[in-house]
Every structure is written in structure tokens, then in C-alpha cells.
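Spelled out, the chains give:
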Amino acid sequence: MSQVVEAPTAGAGDDRGTGGRTGGGLHLRSLTKEFASFTAVKSLDLDIPSGSFFALLGPSGCGKTTTLRMVAGLETPTSGTITLGERDITWEKPYRRPVNTVFQNYALFPHLDIFENVAFGLRRRKRSDVKPAVEQMLALVELESQARKKPAQLSGGQQQRVALARALINNPEVLLLDEPLGALDLKLRRSMQIEIKRIQTEVGLTFVHVTHDQEEAMTMADTVAVMNAGVIEQMGAPAELYENPRTTFVANFLGQSNLIEGTVAGREGDVVKVDMQGTVVSVPSARAHLETTAGHRAWVGIRPEKVLIAEVGEVIDAPGNSIPGGVISDVSFVGVSTQYLVRMPWGQELQVFEQNTGRRRLFRTGESVDVSWRPDYAFLLDHEQDASAGTDRSDLPS
Amino acid sequence: MTATATRPAGSSAPTPEPAPPAKRPRRNLTGYWLLLPGALWLAVFFVVPFYSLLATSLYDPGGSVLEGYDMSWAFGNYVTAIQEYWRPLVRSLWYGAVATAICLVLGYVLAYAIAFKAGRWKNLMLILVIAPFFTSFLVRTLSWKLLLRDDGFVVDTLQFLHVLGADGRLLATPVAVIAGLVYNFLPFMVLPLYASIDKIDPRLVEAAGDLYARPFVGFFKVTWPLSLPGVVSGTLLTFIPAVGDYINAQLLGSPGQRMIGNVIQNLFTDAGDYPVAGALSVMLMLLILVLVLVYVRRAGTEELL
């Protein structure tokens, strides 16, 4: 596989000025797109470093596809700028931009065979050596044997790879992927995620990937930006976003969270004390995303897999935040883990995921348990925010 | 794999139930019954008249309508027809081709606009395209005669602009006949073109732009090839009736613009020369058939036939 690392550059050459690629990454500045009746993207600022795999994650209608289309030149921004390195491409025609797109549902040319689909960009730019470049690219996506077939004769996964090859062969400075895996079934999607990630590492291009699938975004991208209602809620490495969400939307959209109402009691060093339904729990101040003056209302957040449950009175390995009085209200055995719902004295049901390590028996519905978690894992969010933001996943494919 | 391989063996341990004796599959005749009405209709109103036409074209040219004709296998009728009437025949093909070409340009632009740019006006525009059919072909062509008349505003305007000379006219010229043909057959071009263009996914055009095709190049590399089925059926639907048309030449032309349809009509109804009229009709049919076959083959859209 090592020789195909050069596949996209071979024959593609570079006609974008003598300096070749700018290497400065993609920058969006106060990018705004208004349609007749609503604002799709609101003053977006974004810096995507060259060579990174960047995911724009959000529910449908959050503006992520519009952002992508503006970068591709298929949509004109209402205001703001798009720069690629030093070059302002805000008003550049799509066919002049060093940017290529893998379209949702692929948009392969049905009248051209696979070879000609992949060769399309090179032929438009009058490249020589089209044949070896296309052959190398088809080898990269493992479709050499399908070169003379029409797109309709290929399976969904193969069409997906043709779409990828057709964009990659142009050696763009930024490759845009618009929900590229949305039409594939779950199993194929997982293997294509790994495949695309592998190709990105091999070719080293900047990938900007738009998706509503949080697992896909976290698996593939170095950096994820969670987008909601036209703005970016939070951006960072997947683990950072997951472990330390700043808003209820991110806490709920990226995985699941228990959000428990509480009141800030005060600060002790770099720990914030919160009165949570009568129990005082602590949260590291670095994970408190609100003003931590006493009396401020807050959401204490904790991921279900970070919550431990134990027999009443048993010592739990989680000093500090231990809450008694839980009653198991539902048990779902999932195989690798067991998912419990625990009704707390204040009426809220907490989600608890426990690995099936076999070290402990399964609890049954109706049993009383103590609940606890390590303070380091908790996070504190502003009570002004809607605790159910981002929980409606009805638009997602199951 | 092992599981699937062993399962049949395992299930065959108890004596397998003998399959019920398979009924002889009855041949499904529904399709043939459905064909029957149309086939009968064509047999009575196409095959029989065509046979009679073919026979007429080989009658003894010495006969007449009153005295009756003898069947004499007179292939000489065809020679006579070509010698006497090759001019209107070639003229018909020429007028038909020019009218079809003009229809294609006008129709493509219109169909493209309706399919891609009309938005919520799409249906209204489509209705406007077929609206002329609400009035008779003959009446519409007669109104063109009024429109193009010597002191009408069209001629006046063209004379004012010096496109036409002071005594120039439009009626009784090829321009009038071709204009009439274009007008009358344009909807037959627009509708198949629209059906084809409307099916094109606009994202394909976007993809072409994304892959460095300027709009013009993108059109010829993506939109045009994908609309070819509409182009082929539209040109056929225009060219075939236009070549055989005689109303436009009759009303808007003069003897100098006589098309083959006028000649055949004249031979049948006025001159009473059935054999030569028949020979011309058969030749026109065969000629168009050959042209269409060659054309469709060249366009690579055999699946349309």
C-alpha cells in the first residue's frame, strides 16, 4: 500500500500558482448565509488546519451542509469570507476552487463509466497522463476491475468509493464530504469510516466531513465542531468534547448525559461545590462552564458509564460524590453492558451503564442501590440552557 | 458456511415430505389478451390499408378512377414518381430538417428553462406549451396566414427595418412555410425534451462544476448527453410529421413551396392518378423509415425503438 500514497498527486500535478499548495488551512470569518425565511449560518468563525480531518457535526437543518456548500462555491455567502491559506475564495467560481466535494448520494455521472467519472476533473483541466493517474486512484479505492462499468452497475459502497476517488484524484487543498456514508447500511458504514480515515492518513489532505452521526464524527475526525442552529456550540478533539461538554446540547447530542439540577454552594480551591438535591457534590472548576458564585443554579452533568451503583452501604470507589436512596426502575441487558435506570429520591431517573465484567451480579428492578461517581468526571452547565437540547434524535437513522 | 452446509443434511433426517406434484405451469396468457385489441385495431386500420396502398402503387398507370385499375406490377410507377416529383420530395426533407433544427434550438432552451429555472411556474408554463392544441391545427395555420399577410404588421415591421424590400413578402416563401412548421410542431419537441431534462439531477451539474467544468463545458459533458433520449424522440416527433405535412405549404406557401404531401394530395383528389400517388406515399414512408433508423443508430439510442 505504500506506493499508492503518491497516487493522487501523480499526474494531477499542481497548477495553483507556482507556490503549489498554500498549506495555510481553511479559514471562515463571520460567514453568514441567509435564505428568504431563515438564517442558515450565523456569523461562523472556523479555522481548519491543513492536513486535518475535520468534522462538522449537527442535526439536520443546523447549517452544516450550507457551510460546506459555501466552501465548495455552490452557495453564495450573504456576508463573511472564506480563505484558503492566503487566498480569498469567497467569490471564486466553483470550477476555479482547489476544493472538491464527495456529494451526498455521490452524484456520479450515470452516462460515464467508472474510469471516465474518475477522470472527469483531470480531463477538464487538460491533464496529460490521465490513464495512469486514474488507474492508481482506482487501485487506492480497490476498484481497478470495475473501471469499465457504469455507476448503476455498482453497489452502494462501491459507488461511494468512486465518488471519493473522483474527488481525491484532483488533489484538492480541501476535500469536502457531505454525509458521504448516509446511504450505506450500518456495517458498510463502519468499514467505510475506517477506509476513509486510512485514505486521509495516506494522502494527507484536509478533509472536511459533514455528518449528523456523532459516532461517525468521533471515529473519523481529529477535530469535531458541534453545530446547532447556525452556530458552532463547541469544537475540539472528540474525547475532549465528550468528556467535557460546555453546553447541554453538546452533552446530549454527543452520547448521552445525566443532567441533574443543583445550586452552586461555593468554590474550594479548584473545586466547585454544588448542592445537588440535598447532597453536596464537587466538580473540578475547569469543568464548570458557568459563573460559579454561590446561589447560581446549574446542571450537574455525568455520563451514564461514569456512574457507579452498589448495594446499599457498600463502599464505592468514588470518593466525594455519593448519593443514597436510588431504586432500580429498569434493567436492559445489552451484552457488553447492562443499562440501568435508577430512580433517585427527587424523582429523576438516572441512566447508568455498567460493563459486564462479571465481577458483580446484575441488579433487578426494584432493588435499592447507592449511586456515586468520581468528581473528576462530572461537569457543570448553565441552568439557563434547556436540559433536553440535543436529545431529539428522531431525525437520525437508527 | 458450515452451518448452512449442514442444515439441509440435518433437516433431511426425517423423511422429507414429498413435494406436492407440481401443477403444470399454465402459460400466462394475460399479456397476449392485452395485446389483442391494439393488434386488431392496427390490423384493420394499418395493415390492410397499407397493403391496399402498396397494391395501388403497382397498378397499371393506364387505368383511371372511373374505369378502375388493373394490377400489373407496374414498378415503373416509382420511376415516374421520382422523375416527376423529386423536387418536392427533396424540398420536403429539407424543410422538415430545417424546421426540426429550429425547433430543437428553441425547444431545448424552453424545456431547459421550464425544467431548471421555472420554479413554481413550471406547471403553468407546461400548460402554455400544450395550450395551442386546444385549437385546431387548421385554424392556427390560417391565423398564421393573417399574421404574415402582405400588409400585416409583421411584414410592415420587417420592411421598416429593411429586412424585407419595399415589395418583399413573407407569404408564398419558404420562410413562411418553415415558420409554420416550426410553430405547429414545437410542442412535440418541447414535451419529450422537458421530460428528459427534468429527470436530470441538478447535483450532477453541480458536481461537474465542482470538478472544474465551466458552465458551458458542464452542459456539453453532462446535461446534453443525459438529455439525448429527449433530443432523439423530440426530433423524430417533429421531423416525421413535418416532412409529410401539407397544410403549411398549402396555406402559407405557393406552388414553388409545394411539399410532397401537397403532391400526393393533389394526385389523389384532383388528378386522380392513384398509382403514382401510391408510389410516392410508399417511397416517403420507406425514406423516413431509413432516415430514422440511421439517425437512431448514430445517436446510440436504439433502446428508444
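No experiment lies behind these values; they were computed from the predicted model shown.

## Concerning the overall build of chain B
Tallying secondary structure elements over chain B gives twelve helices and zero strands in all. Taken from N to C terminus, the helices and strands of chain B fall in the order α-α-α-α-α-α-α-α-α-α-α-α. Relative to its full complement of 305 residues, chain B shows a buried share of 37%. For chain B, contacts bridging at least 24 residues in sequence account for 68% of all contacts bridging at least 6. Surface summary for chain B: the accessible area is close to 18,500 Å², and the carbon and sulfur share equals 69%.

## Here we look at the overall build of chain A
Helix and strand content of chain A: eight helices and 21 strands. Each principal axis of the C-alpha distribution contributes one length, and for chain A these read about 75 × 45 × 40 Å. Put simply, chain A has 398 residues, and 55% of those count as buried. Long-range contacts, defined here as pairs at least 24 residues apart, represent 68% of the contacts in chain A between residues at least 6 apart. In chain A, 41 side chains carry a positive charge and 49 a negative one; their mean positions are 7 Å apart.

## Remarks on the pairing of strand 15 (residues 297-302) of chain A
All names here are of chain A. Across the six residues that make up strand 15, a large majority, five, are buried. Examined bridge by bridge, strand 11 (residues 258-268) and strand 15 share six bridges and lie antiparallel to one another. What sits directly across from Ile-260, in strand 15, is Val-300.

## Structural notes on the interface of chain B and chain A
Between chain B and chain A, the contact holds 17 residues from the first and 26 residues from the second. Each partner contributes to the roughly 1,900 Å² buried at the junction of chain B and chain A, and carbon and sulfur atoms together form 63% of this total. By the criterion of area lost to chain A, the three top residues of chain B are B:Asp210, B:Leu211 and B:Tyr212, representing 41% of everything that side buries. Taken together, the connections running from chain B to chain A amount to one salt bridge. Here chain B is connected to chain A by six residue pairs in polar contact (both at pLDDT 80 or more). If you list the elements that add at least two residues to the side of chain B that touches chain A, you get helix 8 (202-210) and helix 9 (215-244) of chain B. By residue number, the principal contributor to the side of chain B that touches chain A is helix 8 of chain B, which donates seven residues. Of the residues assigned to the side of chain B that touches chain A, the class counts are eleven nonpolar, one polar and five charged.

## Some words on the pattern of salt bridges
All chains considered together, the criterion is met by 25 salt bridges over all chains. The closest approach of N and O atoms between A:Arg360 and A:Glu314, which form a salt bridge, is 3.6 Å. Taken together, the residues A:Arg360 in the loop between strand 19 (349-355) and strand 20 (368-373) and A:Glu314 in the loop between strand 16 (308-311) and strand 17 (321-333) connect sequence positions 46 residues apart. Owing to a relative accessible area of 31%, A:Arg360 belongs among the partly exposed residues under this scheme. A salt bridge links A:Arg361 to A:Glu367, with the nearest nitrogen and oxygen atoms 2.6 Å apart. The class for A:Arg361 is partly exposed, based on a relative accessible area of 36%. Within this structure, A:Arg69, A:Glu75 and B:Glu206 form a network of salt bridges that share partners.

## Some points on the sheet that holds strand 14 (residues 288-289) of chain A
The pairing of strands in a sheet comes from backbone hydrogen bonds and takes either a parallel or an antiparallel form. Residues and elements named next belong to chain A. Ordered by their spatial adjacency, six strands build an open sheet running 13-12-11-15-21-14, and the pairing between neighbours is mixed. A strand with exactly one partner marks an edge of an open sheet, and here the two such strands are strand 13 (279-284) and strand 14. Where strand 12 (residues 271-276) meets strand 13, six bridges bridge the pair, whose relative direction is antiparallel. Across the sheet, Val-272 pairs through a bridge with Val-283, a residue of strand 13.

## Points about the nonpolar core
All names here are of chain A. With 49 residues, the main nonpolar core has Leu-168, Ile-196 and Phe-207 as its most contacted residues. Each of two domains, domain 1 (2-243) and domain 2 (248-382), supplies a minimum of three residues to this core. Cys-62, Leu-84, Leu-176 and Ala-225 belong to the second largest nonpolar core, which has 39 residues in total.

## Remarks on the confidence of the model for chain B
Residues shown with low pLDDT carry predicted positions that ought not to be read at fine detail. On average, residues of chain B carry a pLDDT of 87, and 90% of them reach 70 or more. Under a pLDDT of 50 for its full length, residues 1-14 of chain B has, in the predicted model, zero contacts with residues more than four places off or in other chains.

## Describing the confidence of the model for chain A
Residue and element names in this part refer to chain A. Per-chain confidence: chain A averages 87 in pLDDT, with 91% of residues scoring 70 or above. Contacts for the low-pLDDT stretch residues 1-20, under 50 throughout, to residues beyond four places or in other chains number 40 contacts. Residue range residues 394-398 is modelled with pLDDT below 50. Its contacts to residues more than four positions away, or to other chains, number five contacts.

## Thoughts on the domain arrangement of chain A
Residue and element names in this part refer to chain A. Assigned domains within chain A: domain 1 (2-243) and domain 2 (248-382). Once you take the C-alpha centre of each, domain 1 and domain 2 turn out to be 40 Å apart. Taken together, the contact pairs 14 residues of domain 1 with ten residues of domain 2. Taken together, both faces of the contact between domain 1 and domain 2 bury some 1,100 Å²; the carbon and sulfur share is 64%. When the buried surface of domain 1 facing domain 2 is broken down by residue, Gln-214, Tyr-242 and Glu-243 rank first, second and third, together holding 51% of it.

## Considerations on the side chain of B:Glu206
Inspection of the secondary structure assignment puts B:Glu206 in helix 8. Within the structure, B:Glu206 has its side chain in polar contact with the side chain of A:Arg69 (distance 2.6 Å). The contact partners of B:Glu206, leaving out residues within four places of it in the chain, are A:Arg69, A:Leu74 and A:Phe103.

## Re the pairing of strand 20 of chain A
Residues and elements named next belong to chain A. Of all six residues making up strand 20, five are buried, and the element is well covered by its neighbours. Of the pairings in the sheet, the one linking strand 16 to strand 20 comprises four bridges and is antiparallel in character. Within strand 20, the residue paired with Leu-308 across the bridge is Ser-372.

## Remarks on the side chain of A:Thr247
Mapped onto the elements, A:Thr247 comes out in the loop between helix 7 (238-243) and helix 8 (248-253). If near-sequence neighbours (up to four positions away) are discounted, A:Thr247 is found in contact with A:Glu233, A:Gln234, A:Leu381 and A:Gln385.

## Here we look at the sheet that holds strand 3 (residues 53-57) of chain A
All names here are of chain A. Pairing is mixed in the open sheet, where six strands are placed in the order 6-7-8-3-9-10. Edge positions in the sheet fall to strand 6 (99-102) and strand 10 (231-236), since each has one partner strand and no second. Taking each pair of neighbouring strands and ignoring which way they run, the sheet shows an average axis angle of 20 degrees. Relative to strand 8 (residues 206-211), strand 3 runs parallel, the two sharing five bridges. Bridge assignment links Ala-55 to a residue of strand 8, and that residue is His-209.

## Observations regarding the packing of helix 8 of chain B against helix 9 of chain B
Residue and element names in this part refer to chain B. Between helix 8 and helix 9, the shortest axis-to-axis distance is 9 Å and the interhelical angle comes to 155 degrees. Taken together, the axes of helix 8 and helix 9 lie roughly antiparallel to each other. For the element pair helix 8 and helix 9, the recorded crossing hand is right-handed. Residues Leu-204, Val-205 and Ala-208 of helix 8 form the contact with helix 9, whose participating residues are Gly-218, Val-222, Thr-223 and Leu-226.

Conventions used here
Residues numbered from 1 in each chain as written. Chains lettered and ligands numbered in written order. Predicted model: local features only at pLDDT ≥ 70, side-chain atom pairs only at ≥ 80, totals over all residues. Heavy atoms only, no water. Helix = DSSP H or I, 4+ residues; strand = E, 2+ residues; numbered from the N terminus. Buried < 20%, exposed > 50% of the residue type's maximum accessible area, 1.4 Å probe, protein only. Contact = heavy atoms within 4.5 Å. Areas by Shrake-Rupley, 256 points an atom, 1.4 Å probe, with all protein chains shown as cover. Lys, Arg positive; Asp, Glu negative; His and termini not counted. Charge placed at Lys NZ, Arg CZ, Asp CG, Glu CD. Pairing = 2+ DSSP bridges. Buried area = accessible area lost by both parts, 1.4 Å probe. Salt bridge = Lys/Arg side-chain N within 4 Å of Asp/Glu carboxyl O. Polar contact = N/O pair within 3.5 Å; in protein donor to acceptor, adjacent residues only side chain to side chain. Nonpolar A, V, L, I, M, F, W, Y, C, P; charged D, E, K, R; others polar. Core = buried A, V, L, I, M, F, W, Y, C linked by side-chain atoms within 4.5 Å. Domains from an automatic or database assignment. pLDDT = per-residue confidence, 0-100. Axes fitted to C-alpha atoms, helices over the stretch in contact; angles between N-to-C directions. Parallel < 35°, antiparallel > 145°, perpendicular 65-115°, else oblique. Left-handed = near helix turned anticlockwise from the far one by under 90°.

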